[in-house]
Amino acid sequence: MARGSNAARRDASAARRREGIRSQPLKRAAAAAVALLALARGARAADPPGSPRANQALAVCLADAATPAERRANLARGLALAEEAVAADERDPKAHFAVFCNLGNDLKLRGVALQSLFAMRRLRREIDRTLELAPDYADALVGKGELLCELPRLLGGDTAEGERLLRAALRVDPDFVEAHLGLARALAARGARDEARAEARRALAEAERVPDPARAAAARELLAQLAE
């Protein structure tokens, strides 16, 4: 959710060791896609550093779990850490993004439904605040972009704005695999299949270069779907 060794990766790895939890890249769920955070990507100047607690909360969000119940328990713990980080510094964009990450993935596990509307509103507030504080934070641009593309309009979905945000993330980081994948999905959804295939090929090339087997597999699957 792996690229090269970098400061963000070291921060996440240290936090995971402190938490004593096993980490793997997140698998993209089929519901509201809050693809959320390639924390192991190369650090950019535009990335906010985040407090130790915010980075710890993000590491918890990235952690794999043996069962859905264990995953939800981890996300609840990550959300609590993120809320503590926000309380300690309301102007920490990574703390707000950690709330978005943990809450969003919990919503994915439960399935986005009308009864989730209050939580979805909170999710939007947190990602909007993240981007207000750090407008060039590519992870947050992708997080909001994919969220808007995947949500039904009734819950605030906006595919045109989502696509714009995904393109903005690629202007910040042209090699961001998740942004290429998200844009490919958005293009495919509106029928721009040639453009979608081009973005999926870019995602595959970068994922193979890193290497990132999980995202390479996702890109191949998407290309197969676009070939049908």
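Keep in mind that this is a model prediction, so the values were computed, not measured. (Residues numbered from 1 in each chain as written. Predicted model: local features only at pLDDT ≥ 70, side-chain atom pairs only at ≥ 80, totals over all residues. Heavy atoms only, no water.)

**Student:** Can you break down the overall build of the protein residue by residue, with the values?
**Tutor:** When you go through the protein residue by residue, the secondary structure sums to ten helices and zero strands. When the elements of the protein are put in sequence order from the N terminus, they spell out α-α-α-α-α-α-α-α-α-α. Expressed as a percentage of the 228 residues in the protein, the buried residues total 53%. (Helix = DSSP H or I, 4+ residues; strand = E, 2+ residues; numbered from the N terminus. Buried < 20%, exposed > 50% of the residue type's maximum accessible area, 1.4 Å probe, protein only.)

**Student:** Residue-level account of the state of the cysteines, with values.
**Tutor:** Note on terminology: a disulfide is the covalent bond linking the sulfur atoms of two cysteines. Going through the model one piece at a time under the given rule, you end up with one disulfide. With a sulfur-sulfur separation of 1.8 Å, C61 is cross-linked through a disulfide to C101. Here C61 and C101 share a disulfide; its torsion about the S-S bond, -90°, makes the bridge left-handed. Placement of C61 in helix α2 (residues 52-62) and of C101 in helix α4 (residues 93-110) is noted, with a sequence separation of 40 residues between them. Each member of the pair, C61 as well as C101, carries the same accessibility label: buried. (Disulfide = S-S within 2.5 Å.)

**Student:** Tell me about the pattern of salt bridges, residues and numbers included.
**Tutor:** Taken as a whole and assessed by the stated rule, the structure comprises 19 salt bridges. Put simply, R122 and E83 hold a salt bridge, and the shortest N to O gap is 2.8 Å. Here E83 lies in helix α3 (residues 68-88) and R122 lies in helix α5 (residues 117-133), a separation of 39 residues in the sequence. Of the residues examined, E83 reaches a relative accessible area of 34% and is grouped as partly exposed. The partner of R129 in a salt bridge is E132, and the shortest N-O contact between them spans 3.0 Å. Note that R129 and E132 are positioned in helix α5 at a spacing of three residues, about one turn of the helix. (Salt bridge = Lys/Arg side-chain N within 4 Å of Asp/Glu carboxyl O.)

**Student:** So what's going on with α3? Residues and values would help.
**Tutor:** The end-to-end C-alpha separation of α3 is 30 Å, in line with the 30 Å expected for 21 residues at 1.5 Å each. Along α3, the positions that sit buried rather than exposed are R71, N74, L75, G78, L79, L81, A82, A85 and V86. (Expected span 1.5 Å × (residues − 1).)

The analysis is restricted to geometry; functional conclusions fall outside its scope.
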